[in-house]
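Understanding the architecture of this molecule
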Amino acid sequence: MEEINTIEVTPCTESDYLKPFRVHYNQNGTKKSWDFMRTHDSVSVLIFNTSSHCFVLVKQFRPAVFMSEWERAKTQPPQPAEKTEEGESEAAAAAAAPAPEPQEGQSASEEESSSQWPPASAGVTYELCAGLVDKPNLSLEEIARQEVLEECGYDVPASKLKRITSYRSGVGVTGAKQTMFYAEVSDDNCVSAGGGEPREGELIEVVKVPLHEAMTFAYDERVPKTMGVIFSFIWFHNNMSPKYKISTNV
């Protein structure tokens, strides 16, 4: 999953998933404009395994997160190296040496930036099982059921999915709606290893978070995760923990 190479950034002129627009409008007598993206709504599923008392999440590489980390790293000043007599002479020699010639078709700035890519792990995030609402003939529950089966390997009837809530994500850019469900599974429901749909380019790792570590995991800023993970763990603590008389370590 974390072997990322041959990175090339190009303009996006056409996409099946994102369509950029600019809307012009008048608000309280003031003319305004706003750039936004039209995209699909989505579903997400908090999966709780009652056999092992753990949450089932997915872990995957997100190019947008990776590039965001790259942009952030570019704005940070370089860390000064420790100076020694030998190091000073090496630094002086390096400064005096001519800059390497860029490869054909690549500008000097492109070559410089490409040598400073962050590690692939910078783009890996922990998320709820989720998917796009792009099948008009299926209900949200049926789409969520398919995602649970494909990504995590559990066969859960759509009727067993509990709707938690829906909310807007990316209100400044897309305004898309995500509907969150809750699914209880057991080891008996596991029919495959999951991992996503290879034909769609998915490469997903299934991750289990023990219940007693859930809230520590949610608030650990060193673990890159979506807001859906944090919110759903809190929802479970408030709504399901009393029912099962189990602790989420809060």
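Residues numbered from 1 in each chain as written. Predicted model: local features only at pLDDT ≥ 70, side-chain atom pairs only at ≥ 80, totals over all residues. Heavy atoms only, no water.

Structural notes on the overall build of the chain
- Across its full length, the chain holds seven helices and nine strands.
- Classification of the 250 residues of the chain by burial places 30% in the buried group.
- Counted over contacts in the chain with a minimum sequence separation of 6, partners at least 24 positions apart contribute 66%.
- When the accessible surface of the chain is totalled, it reaches about 16400 Å², and 51% of it is carbon and sulfur. (Helix = DSSP H or I, 4+ residues; strand = E, 2+ residues; numbered from the N terminus. Buried < 20%, exposed > 50% of the residue type's maximum accessible area, 1.4 Å probe, protein only. Contact = heavy atoms within 4.5 Å. Areas by Shrake-Rupley, 256 points an atom, 1.4 Å probe, with all protein chains shown as cover.)

Notes on the confidence of the model for the chain
- Per-residue pLDDT for the chain has a mean of 85; in total, 79% of the residues score no lower than 70.
- For the chain, per-element mean pLDDT is lowest for helix α3 (residues 108-114), which scores 47, and highest for strand β3 (residues 42-49), which scores 98.
- Segment residues 89-112: pLDDT under 50, and nine contacts once partners within four positions in sequence are set aside and those in other chains are kept. (pLDDT = per-residue confidence, 0-100.)

With respect to the nonpolar core
- By size, the foremost hydrophobic cluster in this structure holds 23 residues, and its most contacted members are L46, F55, Y182, F217, F233 and F236.
- For this core, the secondary structure elements donating two or more residues are β3, β4 (54-61), β8 (176-185), β9 (205-210), α5 (214-219) and α6 (227-239).
- With five residues, the single largest contributor to this core is α6.
- If you look at the next biggest cluster of nonpolar residues, it comprises 17 residues, including V56, V58, V156 and I204. (Core = buried A, V, L, I, M, F, W, Y, C linked by side-chain atoms within 4.5 Å.)

Describing helix α4 (residues 140-152)
- Taking 1.5 Å per residue as the helical rise, α4 with its 13 residues ought to reach 18 Å, and the 18 Å between its terminal C-alpha atoms agrees with that figure.
- All buried positions along α4 are accounted for by I143, A144, E147, V148, E151 and C152. Across the axial projection of α4, the buried residues extend over an arc of 140 degrees, all falling on one side.
- Residues of α4 that are buried in the fold lie against β3, β4, β6 (129-132), β8 and β9.
- Just downstream of α4 lies G153, where phi reads positive at about 85 degrees. (Expected span 1.5 Å × (residues − 1). Arc of directions from axis to C-beta.)

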